Amino acid sequence: MKVLAVADSDSYLKWAACLLGDLPSGCVTELVVVRTPIAPSREQIVAAVNGRAGGPPPVLSARSVRRLAERTQPDVILVACTGPVVDVLVAEVLDDLRPRPVFVSGLPGISVPATEKAWLFRSGCDLFVVHSEREVAEFSEIASRLGGGGAIGLARLPFLRPEPAAPGGNRVVFATQAKVPKGREERERVLLSLAELAARRPDLDVVVKLRALEDERQTHNERFHYQRLWREMGEPGRLAFEAGSMQDQLQRAAGFVTVSSTAALEAIAMGVPSLVLRDFGVSAEMINLVFEGSDLLGTLDELAAGEFREASGAWCAANYFHPAAHNDWAGLLSGLVVSRPRVPARSLLDGPEHAAGRRRARLRVEVPPKMLRVGYRAKRRMRRYLRSLT
């Protein structure tokens, strides 16, 4: 089975690389990054693939991805991208490949509560991969209500490796996120609590693990970058700011804290005592609703005191740490490759009412920056460029 994976951002690239590594032996895999405004930097790519055989994947235009697929004729294309890019690639850029590959997509982390938006953008794929039995149930309900799409498969999050952290860890790792908390003041409160912990515990290195450096892009825009905020605050304490591999950070960790990052699951898998902050609310908007009942929810005061804890076993079993025997995505994928569905999955975004939105998304995927200049000649070049893609 030949599998081509296409990623568009740092988090999806990490997910795709790990998911390819969990395919059955004998599969031939290739991984590329499609060029978009949120494409990861070279350093982010290296950290995301974390020593994967074959080296860092190339960054290609969507047109080059199409040519690669025509040349290699993969049995499966894993579209590991944000929703609008999945829709554009599956519905327009790669839609008429012959023979038609099986299209697979999914979500790279916590997806509770399930959203209609995530399903709509990926409803043109034959297999939709999620990572807990709760997510399967919630997306199955959406699928039965809205229609469209293909099968829903279960896979344990591929980067949850049963590798314990090294004994005697001496660092506390704070996993940042671009979307939450949103406000400047809220983020400053987090930094001050981390600094207080560092002052109380000089034996610990307190590390702010960044998703991206200030000049790098990530899956979601970050208005108040933590390192920039710390500098503007006058650096009132002893904190370190580091990028790179989360797994490397956790290997040396004595404690872990986040607002709602998927990295909390990595910490649980590695046996690192953790804390999920609830000071800013526990809700779908804060992306931490799933941690209710986990025994991990705590406060900034508890962070400053270094009060980390273990996750509830019952919660783990229901959320992301199900038995390996329950994983069915690889079997579903093999069945789809053998049967090559005569009727492809039906996208719910087909039709003229979605054409304008898809065109806007397509421009973000396809058009080189030099072609975005305003003017008559630029518009003519744009029209020629779009005609060349059909």
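Residues numbered from 1 in each chain as written. Predicted model: local features only at pLDDT ≥ 70, side-chain atom pairs only at ≥ 80, totals over all residues. Heavy atoms only, no water.

## Quick notes on the packing of helix 1 (residues 10–21) against helix 2 (residues 42–49)
When two helices pack together, their arrangement is given by the angle between the helix axes and by the axis-to-axis distance. Counted only if it meets this: Axis definition: a line fitted to C-alpha atoms, limited for helices to the stretch in contact. Angles are taken between N-to-C directions and run from 0 to 180 degrees. Note on conventions: DSSP H or I runs of at least 4 residues are helices, E runs of at least 2 residues are strands, and numbering of each starts at the N terminus. Between 65 and 115 degrees an angle is taken as roughly perpendicular, under 35 as roughly parallel, over 145 as roughly antiparallel, and anywhere else as oblique. Working rule for handedness: look at the near helix, and if it is turned counterclockwise from the far one by less than a right angle, call the crossing left-handed; if clockwise, right-handed. It only takes one pair of heavy atoms within 4.5 Å for two residues to be counted as in contact. Gly counts as polar in this scheme, as do all residues outside two lists: the nonpolar Ala, Val, Leu, Ile, Met, Phe, Trp, Tyr, Cys and Pro, and the charged Asp, Glu, Lys and Arg.
Helix 2 packs onto helix 1 with a crossing angle of 30° between their chain directions and a minimal axis gap of 8 Å. Viewed along their axes, helix 1 and helix 2 adopt a mutual orientation that is roughly parallel. Helix 1 and helix 2 meet at a crossing whose hand is right-handed. Contact residues: helix 1 offers Asp10, Leu13, Lys14 and Ala17, while helix 2 offers Gln44, Ile45, Ala48 and Val49. For the contact of helix 1 with helix 2, a count of residues per class yields five nonpolar, one polar and two charged.

## Notes on the nonpolar core
Proteins that are soluble and globular tend to have nonpolar side chains buried together. We count it as follows: Each nonpolar core is a collection of buried residues, namely Ala, Val, Leu, Ile, Met, Phe, Trp, Tyr and Cys, held together in the definition by side-chain atoms within 4.5 Å. Three labels apply to residues, based on accessible area from a 1.4 Å probe with only protein chains included: buried if under 20% of the type maximum, exposed if over 50%, partly exposed otherwise in between.
By size, the foremost hydrophobic cluster in this structure holds 40 residues, and its most contacted members are Leu13, Leu31, Leu78, Val104, Trp119, Phe139 and Leu333. A total of seven residues in this core trace back to one element, the largest contributor, which is helix 1. Those residues within four positions of Leu78 in sequence are excluded, and the remaining contacts are Leu4, Ala5, Val6, Trp15, Ala16, Leu19, Leu20, Val104 and Ser105. In this structure, Leu157, Leu250, Phe256 and Leu296 belong to the second largest nonpolar core, which totals 29 residues.

## Quick word on helix 2
Keep this limit in mind: In this description, the arc belongs to the directions extending from the helix axis to the C-beta atoms.
Turning to helix 2, its buried residues are Gln44, Ile45, Ala48 and Val49. Buried positions in helix 2, seen along its axis, are confined to an arc of 120° and lie on one side of it. Among the exposed residues of helix 2, those pointing more than 90 degrees away from its buried face are Arg42 and Glu43. Two residues or fewer after helix 2 comes Asn50, characterised by a positive phi angle close to 50°.

## Considerations on the packing of aromatic side chains
Just so we agree on the cut-off: Any two of the Phe, Tyr and Trp rings considered here, Trp counted by its six-membered ring, make a pair once their centres fall within 6.5 Å; the pair's planes then place it as stacked at under 30 degrees, edge-to-face at over 60, or tilted in between.
Counted according to the given criterion, the structure contains six aromatic pairs. Centre to centre, the rings of Tyr12 and Trp15 are 6.4 Å apart; their planes meet at 90°, and the pair counts as edge-to-face. With Tyr12 and Trp15 both in helix 1 and three residues apart, this pair spans about one turn of that helix. Given the relative accessible area of 6%, Tyr12 is considered buried.

## Brief notes about the sheet that holds strand 13 (residues 297–298)
The condition that has to hold: Strand pairing follows a simple DSSP-based rule, namely that at least 2 bridges must link the two strands.
Strand order in this open sheet of six strands is 10-9-8-11-12-13, and the pairing throughout is parallel. Strands with a single pairing partner mark the edges of an open sheet, and in this sheet they are strand 10 (240–242) and strand 13. Pairing analysis gives three bridges linking strand 9 (residues 205–209) to strand 10, with the strands arranged parallel. Following the sheet pairing, Lys209 is matched in strand 10 by Glu242.

## A look at helix 4 (residues 83–93)
Note that an α-helix has 3.6 residues per turn; residues three or four places apart therefore point the same way. Among the 11 residues of helix 4, eight are classified as buried, and the element is accordingly described as predominantly covered. Restricting attention to buried positions, one finds in helix 4 the residues Gly83, Val85, Val86, Asp87, Val88, Leu89, Val90 and Val93.

## Re the pairing of strand 4 (residues 76–80)
Where we set the bar: Here, the term right-handed applies to a crossover whose path from the first strand over the helix to the second runs clockwise when the strands point away from the viewer.
When you tally the buried positions in strand 4, you get five out of five residues, the bulk of the element. Of the two faces of strand 4, both are covered, the one formed by Val76, Leu78 and Ala80 as well as the one formed by Ile77 and Val79. Where strand 1 (residues 2–7) and strand 4 come together, five bridges link them in parallel fashion. Residue Ala7 lies in a different strand from strand 4, and its bridge partner there is Ala80. Two strands pair when backbone bridges link them, and strand 4 and strand 5 (residues 102–106) are joined in this way by three bridges, in the parallel orientation. Bridging across to strand 5, Val76 finds its partner in Val102. In this view, the connection linking strand 4 to its parallel neighbour strand 5 by way of helix 4 has right-handed handedness.

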